[in-house]
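Inside the fold
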Amino acid sequence: MPHICTHCGLSSYDGNLWCQRSECSAGNLTNTLRRGELLGEIEIGTMLRVMRTGTVYEAIRNDEPILLKVAHIDTQEDMDLNQGYARYLKNEAEILQRLTMGGKGHPALPKLLPPYSQQNSLDELPYGRIVFRDKLRYFTVFEHIKGRFLRDILNDNPQPQPRYIGWLSLILSDLLIMLQQEAGIQHMALNPDIILVREDLDGILRPLLFDLGMFHQPRPQFSQATPEPALAGGTNPMAGSRNLYHEWLSRYIHPAYTAPELFKVRTPGASIDVYGLSLMMYEMLTGRSAYPYETRTEQMIRSSVLDGDRRALNRSDLSEKITQIVETGLSLQPERRFPNVVDFSMILQSVFGAVPTERVENESWLQRNRQSLYMVILVVVLFLVGLGLAGELF
């Protein structure tokens, strides 16, 4: 199986991976599956995206295409403590199961399917598990959707049309509001690597969220919420704990997409997902990450995020209102952002308008062309009325 680093994306077929970055250690390597390998009854197809918590593949089950998410392999310590990537995937699957069974689905959530073909519903386990090459692997199965991850789209087209960016952000905002209301969770880990995007019949970008974030993941406990200054001797008893906490964060989200209050070990407020949405809007509008990470260590990125060391959003073709929205959402102090995603969504809609209703593919010719047909009928009626008036006059 190929090995890939979840921090820098370098891959190796024999597991020997050497990188100049200190964080790219052997402990960060995860096994990925090759095309044609069998995970039980599932045949692996194309690998779509390696995320920090799992890998998404196109796959085949009983001759039907599906999307498959496989959790990364945990350490023995994580398994003993019931934490880590498997726990992350199981929590996600159980949340999706509750939403599905309660009729609380959302167009921006992938449709969860039973993990085994002989299982007829989601009443039982919403996730699967299988021993593959002497390792216990956990996975979830989703309905197949044709699309690409936002990261790949931005690599090819760094700056989509602003109105499409606004509508994509509005769809995600609506989903986050639903998750907060129905499941009581905040995401806290939004980034382009976890969002699959499909184009509808009108070319509008429709996102699907393939990761439900860190809210459901148990956190390390600390006696103090904010870092202490260094002692006279130059040591800080909290420094080791903060480093462990930063390592824990880094397992689930890249530092470039982490809100500054999380680095300070503060309890996140309602504006944390406003920050995440604004980060992605910034990246789509400028064609670059707010905090570039390709050639920098995670510690350097963390420092940049805490200092707000980024270039201002400066596009001459953008309205000042859009620039102001994004810059406000990226404020380092949570109290200076929009207070919650609801308010953020309302201000976005005032600028970009409501997201157009999606047309369905099985619409009849009459439904697809009804506006044009109405115009033709109106022209014909006016023409006949004109003829009638002309006949009376002459």
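See the structure printed just above.
So, here's what we can say about the structure. (Residues numbered from 1 in each chain as written. Predicted model: local features only at pLDDT ≥ 70, side-chain atom pairs only at ≥ 80, totals over all residues. Heavy atoms only, no water.)

Some words on the overall build of the protein chain
What the protein chain contains, in helices and strands, is 12 helices and 13 strands. Counting only residues that meet the buried cut, the protein chain has 49% of its 394 residues in that class. Counting contacts in the protein chain only where the partners sit at least 6 residues apart, residues at least 24 apart contribute 65% of the total. Here the protein chain displays about 20,100 Å² of accessible surface, and carbon together with sulfur accounts for 52% of that area. (Helix = DSSP H or I, 4+ residues; strand = E, 2+ residues; numbered from the N terminus. Buried < 20%, exposed > 50% of the residue type's maximum accessible area, 1.4 Å probe, protein only. Contact = heavy atoms within 4.5 Å. Areas by Shrake-Rupley, 256 points an atom, 1.4 Å probe, with all protein chains shown as cover.)

As for the nonpolar core
By size, the foremost hydrophobic cluster in this structure holds 89 residues, and its most contacted members are Leu 109, Leu 179, Ile 195, Phe 210, Met 214, Tyr 291 and Phe 344. A total of 12 residues in this core trace back to one element, the largest contributor, which is helix H4 (residues 162-183). In this structure, Ile 195 is in contact with Arg 148, Phe 149, Leu 150, Leu 172, Pro 207, Leu 208, Leu 209 and Met 280, ignoring residues within four places of it in sequence. Among the nonpolar cores identified, the runner-up in size contains 13 residues, and Leu 33, Ala 59, Ile 66 and Val 70 belong to it. (Core = buried A, V, L, I, M, F, W, Y, C linked by side-chain atoms within 4.5 Å.)

A look at empty space enclosed by the protein
Applying the stated criterion across every chain, the model contains three cavities of 30 Å³ or more. A volume near 80 Å³ is recorded for the largest cavity. Counting residues per element, the ones that place at least two in the lining of the largest cavity are helix H2 (85-101) and strand S10 (135-143). Tallying contributions element by element places H2 first for the lining of the largest cavity, with four residues. Reported here for the second largest cavity is a volume of approximately 50 Å³. (1 Å grid on protein atoms, 1.4 Å probe; cavity = no way out; pocket = protein on both sides within 12 Å on 5 of 7 lines; lining within 4 Å. Points joined across faces, edges and corners; volume = space filled by probe spheres on them.)

Structural notes on the sheet that holds strand S11 (residues 148-149)
Spatially, three strands are ordered S11-S12-S13 in an open sheet, and the strand pairing comes out antiparallel. Pairing within the sheet leaves two strands with one partner each, and these edge strands are S11 and strand S13 (205-209). Judged from the five bridges that link them, strand S12 (residues 195-199) and S13 form a sheet pairing that is antiparallel. Residue Ile 195 lies in a different strand from S13, and its bridge partner there is Leu 209. Against the sheet, H4 contacts S12 and S13, and its axis sits at roughly 30° relative to S13. (Pairing = 2+ DSSP bridges. Axes fitted to C-alpha atoms, helices over the stretch in contact; angles between N-to-C directions.)

Comments concerning the packing of aromatic side chains
Each aromatic ring pair is specified by the distance between its two centres and by the angle formed by the two planes. Scanning the entire structure with this criterion turns up 10 aromatic pairs. With a centroid separation of 5.5 Å and 70° between ring planes, the pair formed by Trp 248 and Tyr 252 is classed as edge-to-face. Placement of both Trp 248 and Tyr 252 in helix H5 (residues 239-252) is noted, with a separation of four residues, approximately one turn of the helix. The residues Trp 248 and Tyr 252 share a single accessibility class, namely buried. (Phe/Tyr/Trp six-rings, centres within 6.5 Å; stacked < 30°, edge-to-face > 60°.)

Quick notes on a nonpolar patch on the surface
A cluster of nonpolar side chains, namely Tyr 374, Ile 377, Val 381, Val 385 and Leu 389, defines an oily patch on the protein surface of about 490 Å² accessible area. Within the secondary structure layout, Tyr 374 lies in helix H12 (residues 370-393). The exposure class of Tyr 374 is exposed, given its relative accessible area of 55%. (Patch = residues over 30% accessible without salt bridge, like charges linked within 9 Å, V, L, I, M, F, W, Y side chains within 5 Å. Salt bridge = Lys/Arg side-chain N within 4 Å of Asp/Glu carboxyl O.)

Some thoughts on the pairing of S10
Here strand S7 (residues 64-71) pairs with S10 via five bridges, running antiparallel. Residue Lys 69 lies in a different strand from S10, and its bridge partner there is Thr 140. As defined by bridge partners, strand S8 (residues 112-113) adjoins S10 across two bridges and the pair is classed as antiparallel. When the sheet's bridge partners are listed, Leu 112 is paired in S10 with Phe 142. Where strand S9 (residues 128-132) lies against S10, five bridges are found, and the strand directions are antiparallel. Across the sheet, the residue bridging to Val 131 is Leu 136, located in S10.

With respect to the packing of helix H7 (residues 272-286) against helix H9 (residues 320-329)
It is the contact of H7 with H9, at a shortest axis distance of 8 Å, that shows an interaxial angle of 135°. Between H7 and H9, the angle is such that the two are oblique. Judged by the twist between their axes, the crossing of H7 over H9 is left-handed. Where H7 approaches H9, its residues Val 274, Tyr 275, Ser 278, Met 281, Tyr 282 and Leu 285 are matched on the opposing element by Ile 322, Ile 325, Val 326 and Gly 329. (Parallel < 35°, antiparallel > 145°, perpendicular 65-115°, else oblique. Left-handed = near helix turned anticlockwise from the far one by under 90°.)

A closer look at the packing of H9 against helix H10 (residues 341-352)
As a packed pair, H9 and H10 sit with axes 10 Å apart at the nearest point and diverge in direction by 165°. Comparing the axis directions of H9 and H10 gives the class roughly antiparallel. Considering only the axes of H9 and H10, their crossing is left-handed. Listed contacts from H10 to Lys 321, Ile 322 and Ile 325 of H9 are Phe 344, Ile 347, Leu 348, Val 351 and Phe 352. Grouping the amino acids of the contact of H9 with H10 by side-chain chemistry returns seven nonpolar, no polar and one charged. (Nonpolar A, V, L, I, M, F, W, Y, C, P; charged D, E, K, R; others polar.)

Here we look at H10
The terminal C-alpha atoms of H10, which comprises 12 residues, lie 16 Å apart, in line with the 16 Å expected from a rise of 1.5 Å per residue. Among the residues of H10, Val 341, Phe 344, Ser 345, Leu 348 and Phe 352 are the ones counted as buried. Each buried residue of H10 sits inside an arc of 100° when the element is viewed along its axis, so together they form one side. In H10, those exposed residues whose orientation departs by more than 90 degrees from the buried face are Met 346 and Ser 350. Looking at where H10 begins, the residue whose side-chain oxygen comes 3.2 Å from the main-chain nitrogen of Val 342 is Asn 340. (Expected span 1.5 Å × (residues − 1). Arc of directions from axis to C-beta. Polar contact = N/O pair within 3.5 Å; in protein donor to acceptor, adjacent residues only side chain to side chain.)

Description of the side chain of Ser 169
Tracing the chain through its elements places Ser 169 in helix H4. Polar side-chain contacts of Ser 169 include one of 2.9 Å to the backbone oxygen of Ile 165. Leaving out residues up to four positions away in the same chain, Ser 169 has contacts with Leu 277, Met 281, Met 284 and Leu 348.

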